[in-house]
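Each chain, written out:
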Amino acid sequence: MNPIFSFLLAFLAPVYGAIFYGLDRVIKAKMQNRQGPPIMQPFFDMFKLFSKDIFLVNPSHAIWMIFYFLTLWVVMFLIFFGGNLLYIIFAHLVATIFFVICGFSVKSIFSQLGSNRKLLSIVAYEPVLIVNAVAIYLWSGSFEISKILASDATFDKIFLTFLSLIFVVPAIMKLSPFDAPKAHQEIVGGVEIEFGGAFYEILYAAKFLEIIFIYSFIFVLAANNFALGIILVATTFLVVSLIDNSTSRININQMLKVMLTFALGLSIISIFWIKL
(Lines give C-alpha, C1' and ligand atoms only; values in the text may rest on other atoms or scores of the structure.)
Protein backbone atom coordinates (compact mmCIF):
# COMPACT_ATOMS: atom_id res chain seq x y z
CA MET A 1 0.00 0.00 0.00
CA ASN A 2 1.18 3.52 -0.77
CA PRO A 3 2.83 4.98 2.40
CA ILE A 4 0.95 8.28 2.05
CA PHE A 5 -2.37 6.45 1.75
CA SER A 6 -1.47 4.27 4.74
CA PHE A 7 -0.61 7.37 6.77
CA LEU A 8 -3.91 9.04 5.88
CA LEU A 9 -5.90 5.91 6.78
CA ALA A 10 -4.19 5.73 10.18
CA PHE A 11 -4.32 9.46 10.86
CA LEU A 12 -8.00 9.76 9.94
CA ALA A 13 -9.03 6.56 11.76
CA PRO A 14 -10.96 8.52 14.44
CA VAL A 15 -12.99 10.20 11.69
CA TYR A 16 -14.20 7.16 9.78
CA GLY A 17 -14.35 5.21 13.04
CA ALA A 18 -16.89 7.82 14.17
CA ILE A 19 -18.91 7.32 10.96
CA PHE A 20 -18.81 3.56 11.54
CA TYR A 21 -20.06 4.12 15.10
CA GLY A 22 -22.81 6.45 13.86
CA LEU A 23 -23.90 3.84 11.30
CA ASP A 24 -23.98 1.24 14.07
CA ARG A 25 -26.39 3.41 16.08
CA VAL A 26 -28.61 3.96 13.04
CA ILE A 27 -28.84 0.22 12.28
CA LYS A 28 -29.63 -0.61 15.91
CA ALA A 29 -32.38 2.02 15.90
CA LYS A 30 -33.90 0.51 12.76
CA MET A 31 -33.78 -2.95 14.35
CA GLN A 32 -35.74 -1.50 17.28
CA ASN A 33 -38.21 0.24 14.94
CA ARG A 34 -37.31 3.76 16.06
CA GLN A 35 -35.88 6.83 14.35
CA GLY A 36 -32.53 6.96 16.10
CA PRO A 37 -29.75 9.58 15.70
CA PRO A 38 -28.23 10.62 12.35
CA ILE A 39 -25.02 8.94 11.18
CA MET A 40 -23.09 12.14 11.90
CA GLN A 41 -24.24 12.26 15.54
CA PRO A 42 -20.72 11.45 16.90
CA PHE A 43 -19.46 14.67 15.30
CA PHE A 44 -22.34 16.69 16.77
CA ASP A 45 -21.47 15.19 20.15
CA MET A 46 -17.84 16.17 19.64
CA PHE A 47 -18.69 19.84 19.06
CA LYS A 48 -20.98 19.84 22.09
CA LEU A 49 -18.43 18.20 24.41
CA PHE A 50 -15.54 20.42 23.30
CA SER A 51 -17.70 23.49 24.02
CA LYS A 52 -18.18 22.49 27.67
CA ASP A 53 -16.00 23.56 30.57
CA ILE A 54 -13.09 21.24 31.32
CA PHE A 55 -13.40 19.45 34.66
CA LEU A 56 -10.69 17.19 36.07
CA VAL A 57 -11.05 14.78 38.98
CA ASN A 58 -7.25 14.67 39.15
CA PRO A 59 -4.51 15.25 36.56
CA SER A 60 -3.31 11.63 36.46
CA HIS A 61 -6.83 10.47 35.61
CA ALA A 62 -6.76 12.52 32.39
CA ILE A 63 -3.13 11.64 31.61
CA TRP A 64 -3.75 7.88 31.69
CA MET A 65 -6.78 8.33 29.47
CA ILE A 66 -4.76 10.35 26.94
CA PHE A 67 -2.09 7.62 26.97
CA TYR A 68 -4.89 5.13 26.24
CA PHE A 69 -6.09 7.12 23.24
CA LEU A 70 -2.62 7.87 21.83
CA THR A 71 -1.50 4.25 22.15
CA LEU A 72 -4.61 3.12 20.28
CA TRP A 73 -3.75 5.66 17.59
CA VAL A 74 -0.25 4.13 17.34
CA VAL A 75 -1.99 0.77 16.87
CA MET A 76 -3.77 2.28 13.84
CA PHE A 77 -0.40 3.13 12.26
CA LEU A 78 0.88 -0.38 12.93
CA ILE A 79 -2.20 -1.83 11.24
CA PHE A 80 -2.22 0.37 8.14
CA PHE A 81 1.51 0.09 7.59
CA GLY A 82 1.10 -3.69 7.46
CA GLY A 83 2.65 -4.44 10.85
CA ASN A 84 3.02 -7.66 12.80
CA LEU A 85 -0.23 -9.00 14.31
CA LEU A 86 1.48 -9.98 17.56
CA TYR A 87 2.97 -6.49 17.99
CA ILE A 88 -0.46 -5.01 17.26
CA ILE A 89 -2.15 -7.22 19.87
CA PHE A 90 0.55 -6.33 22.41
CA ALA A 91 0.26 -2.58 21.69
CA HIS A 92 -3.52 -2.81 22.04
CA LEU A 93 -3.05 -4.60 25.37
CA VAL A 94 -0.76 -1.78 26.58
CA ALA A 95 -3.44 0.75 25.60
CA THR A 96 -6.08 -1.22 27.50
CA ILE A 97 -3.85 -1.36 30.60
CA PHE A 98 -3.64 2.45 30.49
CA PHE A 99 -7.46 2.48 30.44
CA VAL A 100 -7.56 0.17 33.47
CA ILE A 101 -5.03 2.30 35.41
CA CYS A 102 -7.14 5.33 34.53
CA GLY A 103 -10.14 3.75 36.24
CA PHE A 104 -8.13 2.91 39.36
CA SER A 105 -6.69 6.45 39.59
CA VAL A 106 -9.89 7.89 41.11
CA LYS A 107 -11.80 7.01 44.26
CA SER A 108 -15.13 6.36 42.53
CA ILE A 109 -16.28 2.82 43.33
CA PHE A 110 -18.01 2.64 39.94
CA SER A 111 -14.81 3.56 38.10
CA GLN A 112 -12.79 1.00 40.07
CA LEU A 113 -15.40 -1.70 39.49
CA GLY A 114 -15.25 -0.90 35.78
CA SER A 115 -11.46 -1.35 35.81
CA ASN A 116 -11.76 -4.64 37.71
CA ARG A 117 -14.23 -5.96 35.17
CA LYS A 118 -12.12 -4.72 32.27
CA LEU A 119 -9.12 -6.65 33.63
CA LEU A 120 -11.21 -9.81 33.73
CA SER A 121 -12.49 -9.18 30.21
CA ILE A 122 -8.85 -8.90 29.05
CA VAL A 123 -8.23 -12.33 30.57
CA ALA A 124 -11.27 -13.54 28.61
CA TYR A 125 -10.54 -12.24 25.10
CA GLU A 126 -6.75 -11.77 24.96
CA PRO A 127 -5.93 -15.52 24.72
CA VAL A 128 -8.48 -15.80 21.91
CA LEU A 129 -6.79 -12.99 19.96
CA ILE A 130 -3.33 -14.53 20.41
CA VAL A 131 -4.40 -18.04 19.38
CA ASN A 132 -6.24 -16.59 16.38
CA ALA A 133 -3.07 -14.71 15.38
CA VAL A 134 -1.22 -18.04 15.45
CA ALA A 135 -3.99 -19.58 13.31
CA ILE A 136 -3.67 -16.72 10.81
CA TYR A 137 0.11 -17.30 10.69
CA LEU A 138 -0.33 -21.01 9.99
CA TRP A 139 -2.95 -20.20 7.35
CA SER A 140 -1.14 -17.41 5.52
CA GLY A 141 2.52 -18.06 6.39
CA SER A 142 3.12 -14.71 8.07
CA PHE A 143 2.21 -12.48 11.03
CA GLU A 144 2.72 -9.38 8.85
CA ILE A 145 -0.56 -7.82 7.72
CA SER A 146 1.03 -6.66 4.44
CA LYS A 147 1.99 -10.26 3.60
CA ILE A 148 -1.33 -11.71 4.80
CA LEU A 149 -3.22 -9.34 2.48
CA ALA A 150 -1.00 -10.47 -0.41
CA SER A 151 -1.59 -14.14 0.35
CA ASP A 152 -3.81 -16.35 -1.81
CA ALA A 153 -4.90 -18.50 1.18
CA THR A 154 -8.55 -19.58 0.99
CA PHE A 155 -11.20 -18.50 3.49
CA ASP A 156 -12.62 -21.98 4.09
CA LYS A 157 -9.54 -22.90 6.15
CA ILE A 158 -9.89 -19.87 8.41
CA PHE A 159 -13.68 -19.93 8.82
CA LEU A 160 -13.56 -21.15 12.44
CA THR A 161 -11.23 -18.28 13.31
CA PHE A 162 -13.83 -15.93 11.85
CA LEU A 163 -16.53 -17.46 14.08
CA SER A 164 -14.22 -17.13 17.08
CA LEU A 165 -13.60 -13.45 16.38
CA ILE A 166 -17.34 -12.76 16.32
CA PHE A 167 -17.24 -13.47 20.07
CA VAL A 168 -14.33 -11.04 20.52
CA VAL A 169 -15.92 -8.07 18.71
CA PRO A 170 -18.63 -7.31 21.31
CA ALA A 171 -16.16 -8.02 24.14
CA ILE A 172 -13.74 -5.34 22.92
CA MET A 173 -16.48 -2.89 21.96
CA LYS A 174 -18.26 -3.50 25.30
CA LEU A 175 -21.53 -4.51 23.65
CA SER A 176 -24.20 -6.88 24.96
CA PRO A 177 -23.89 -9.59 26.14
CA PHE A 178 -20.26 -8.73 27.03
CA ASP A 179 -20.78 -5.16 28.27
CA ALA A 180 -20.23 -5.87 31.99
CA PRO A 181 -17.17 -3.51 32.17
CA LYS A 182 -19.39 -0.47 31.56
CA ALA A 183 -22.90 -1.75 32.55
CA HIS A 184 -24.75 1.58 32.73
CA GLN A 185 -27.56 0.15 34.87
CA GLU A 186 -25.10 -1.31 37.41
CA ILE A 187 -21.92 0.76 37.51
CA VAL A 188 -23.04 3.83 35.52
CA GLY A 189 -20.52 3.41 32.71
CA GLY A 190 -17.62 2.20 34.85
CA VAL A 191 -14.37 4.01 34.01
CA GLU A 192 -16.26 6.54 31.86
CA ILE A 193 -18.23 8.00 34.79
CA GLU A 194 -15.62 10.51 35.98
CA PHE A 195 -15.04 12.18 32.61
CA GLY A 196 -16.72 15.22 31.13
CA GLY A 197 -16.32 17.78 28.39
CA ALA A 198 -13.31 17.54 26.06
CA PHE A 199 -11.73 14.68 28.01
CA TYR A 200 -14.86 12.58 27.65
CA GLU A 201 -14.78 13.26 23.91
CA ILE A 202 -11.20 11.93 23.72
CA LEU A 203 -12.34 8.80 25.56
CA TYR A 204 -15.34 8.64 23.21
CA ALA A 205 -12.99 8.85 20.19
CA ALA A 206 -10.96 5.95 21.58
CA LYS A 207 -14.06 3.78 21.07
CA PHE A 208 -13.85 4.55 17.35
CA LEU A 209 -10.26 3.32 17.26
CA GLU A 210 -11.26 0.13 19.09
CA ILE A 211 -13.77 -0.49 16.29
CA ILE A 212 -11.09 -0.14 13.61
CA PHE A 213 -8.73 -2.41 15.58
CA ILE A 214 -11.03 -5.41 15.88
CA TYR A 215 -12.62 -5.10 12.44
CA SER A 216 -9.16 -5.03 10.85
CA PHE A 217 -8.71 -8.56 12.22
CA ILE A 218 -11.91 -9.55 10.45
CA PHE A 219 -10.79 -7.93 7.20
CA VAL A 220 -7.41 -9.73 6.99
CA LEU A 221 -9.20 -13.10 7.01
CA ALA A 222 -10.05 -12.43 3.37
CA ALA A 223 -6.34 -12.37 2.42
CA ASN A 224 -6.00 -10.84 -1.09
CA ASN A 225 -9.76 -10.87 -1.76
CA PHE A 226 -10.76 -7.25 -1.03
CA ALA A 227 -14.43 -7.79 -1.86
CA LEU A 228 -14.64 -10.74 0.53
CA GLY A 229 -13.03 -8.60 3.24
CA ILE A 230 -15.78 -5.99 2.86
CA ILE A 231 -18.44 -8.72 3.00
CA LEU A 232 -16.90 -10.24 6.15
CA VAL A 233 -16.77 -6.86 7.89
CA ALA A 234 -20.35 -6.00 6.88
CA THR A 235 -21.63 -9.44 7.94
CA THR A 236 -19.88 -9.24 11.31
CA PHE A 237 -21.15 -5.70 11.80
CA LEU A 238 -24.78 -6.77 11.23
CA VAL A 239 -24.48 -9.95 13.31
CA VAL A 240 -22.91 -8.10 16.25
CA SER A 241 -25.59 -5.37 16.06
CA LEU A 242 -28.30 -8.05 16.08
CA ILE A 243 -26.69 -9.80 19.06
CA ASP A 244 -26.35 -6.51 20.92
CA ASN A 245 -30.03 -5.76 20.33
CA SER A 246 -31.38 -9.19 21.17
CA THR A 247 -29.34 -10.39 24.16
CA SER A 248 -29.13 -9.36 27.79
CA ARG A 249 -25.92 -8.72 29.68
CA ILE A 250 -24.17 -11.68 31.26
CA ASN A 251 -21.97 -11.26 34.32
CA ILE A 252 -18.21 -11.19 34.08
CA ASN A 253 -17.76 -14.79 35.31
CA GLN A 254 -20.16 -16.04 32.63
CA MET A 255 -18.24 -14.00 30.07
CA LEU A 256 -15.01 -15.71 31.10
CA LYS A 257 -16.62 -19.13 30.68
CA VAL A 258 -18.06 -18.32 27.25
CA MET A 259 -14.85 -16.78 25.91
CA LEU A 260 -12.47 -19.40 27.32
CA THR A 261 -14.61 -22.35 26.23
CA PHE A 262 -16.51 -21.52 23.03
CA ALA A 263 -14.38 -18.72 21.53
CA LEU A 264 -11.00 -20.15 22.56
CA GLY A 265 -12.18 -23.65 21.65
CA LEU A 266 -13.05 -22.52 18.13
CA SER A 267 -9.62 -20.88 17.83
CA ILE A 268 -7.80 -24.05 18.85
CA ILE A 269 -9.93 -26.24 16.57
CA SER A 270 -9.18 -23.77 13.76
CA ILE A 271 -5.45 -24.44 14.15
CA PHE A 272 -5.98 -28.19 13.79
CA TRP A 273 -8.30 -27.60 10.82
CA ILE A 274 -5.67 -25.46 9.09
CA LYS A 275 -3.02 -28.14 9.61
CA LEU A 276 -5.15 -30.91 8.06
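Criteria and cut-off values
- Residues numbered from 1 in each chain as written.
- Predicted model: local features only at pLDDT ≥ 70, side-chain atom pairs only at ≥ 80, totals over all residues.
- Heavy atoms only, no water.
- Helix = DSSP H or I, 4+ residues; strand = E, 2+ residues; numbered from the N terminus.
- Expected span 1.5 Å × (residues − 1).
- Buried < 20%, exposed > 50% of the residue type's maximum accessible area, 1.4 Å probe, protein only.
- Contact = heavy atoms within 4.5 Å.
- Phe/Tyr/Trp six-rings, centres within 6.5 Å; stacked < 30°, edge-to-face > 60°.
- Lys NZ or Arg CZ within 6 Å of the ring centre and 35° of its normal.
- Axes fitted to C-alpha atoms, helices over the stretch in contact; angles between N-to-C directions.
- Parallel < 35°, antiparallel > 145°, perpendicular 65-115°, else oblique.
- Left-handed = near helix turned anticlockwise from the far one by under 90°.
- Salt bridge = Lys/Arg side-chain N within 4 Å of Asp/Glu carboxyl O.

S.K.: Would you mind showing me how to read helix 8 (residues 159-173) here?
M.R.: Turn by turn, an α-helix covers 3.6 residues, leaving residues three or four places apart pointing in a common direction. Between its first and last C-alpha atoms helix 8 spans 22 Å; for 15 residues at 1.5 Å apiece the expected length is 21 Å, and the two agree. Among the 15 residues that make up helix 8, 11 are buried, leaving the element largely enclosed by the rest of the structure. What helix 8 keeps buried is the set T161, F162, S164, L165, I166, V168, V169, P170, A171, I172 and M173. Contacts from the buried residues of helix 8 go to helix 5 (85-104), helix 6 (109-140), helix 10 (197-220), helix 11 (226-246) and helix 12 (252-275). Immediately downstream of helix 8, the backbone of K174 shows phi near 55 degrees, a positive value.

S.K.: What exactly am I supposed to notice about the packing of aromatic side chains here?
M.R.: Aromatic ring pairs: the centre-centre distance and the angle between the two ring planes describe each pair. Summed over all chains, the structure comprises 22 aromatic pairs. Ring centres of F20 and F237 lie 4.8 Å apart, and the angle between their planes is 80 degrees; this geometry places the pair in the edge-to-face category. On the criterion of sequence distance, the pair formed by F20 in helix 2 (residues 13-31) and F237 in helix 11 is long-range, its members being 217 residues apart. Residue F237 is classed as buried on the basis of its relative accessible area, which comes to 7%. Taken together, a centroid distance of 5.8 Å and an interplanar angle of 65 degrees make the contact between F155 and F162 edge-to-face. Taken together through their ring pairs, the aromatic side chains of F7, F11, F69, W73, F77 and F81 make up a single cluster. Lying across the ring of W273, K157 places its NZ or CZ 4.8 Å from the centre.

S.K.: Help me understand the packing of helix 4 (residues 59-80) against helix 10, please; the structure alone is not making it clear to me.
M.R.: When two helices pack together, you describe them by how their axes are tilted relative to each other and by the distance separating the axes. It is the contact of helix 4 with helix 10, at a shortest axis distance of 9 Å, that shows an interaxial angle of 30 degrees. One element, helix 4, and the other, helix 10, form an angle in the roughly parallel class. Considering how the two elements wind past one another, helix 4 and helix 10 form a crossing that is left-handed. Listed contacts from helix 10 to A62, M65, I66, Y68, F69, L72, W73, V75, M76, I79 and F80 of helix 4 are F199, I202, L203, A205, A206, L209, E210, I212, F213 and S216.

S.K.: Explanation requested: helix 3 (residues 41-50) in the structure shown.
M.R.: Taken residue by residue, helix 3 has Q41, P42, F43, D45 and L49 as its buried positions. Residues of helix 3 that are buried sit in contact with helix 2 and helix 10.

S.K.: Looking at this structure, I do not really get the pattern of salt bridges. What am I missing?
M.R.: Opposite charge on two side chains permits pairing when their charged atoms draw close. Counted by the stated rule, this structure contains 2 salt bridges. Its salt-bridge partner being K28, residue D24 comes within 3.0 Å of it at the nearest N-O pair. One end of the pair is D24 and the other is K28, both in helix 2 and 4 residues apart, which spans about a single turn. As a salt-bridge pair, K28 and D244 come within 2.6 Å of each other at their nearest N and O atoms. Taken together, the residues span a long stretch of sequence, with K28 in helix 2 and D244 in helix 11 at a distance of 216 residues. Both residues of the pair, K28 and D244, count as buried. Ionic contacts of the salt-bridge type, sharing partners, join the residues D24, K28 and D244 into one network.

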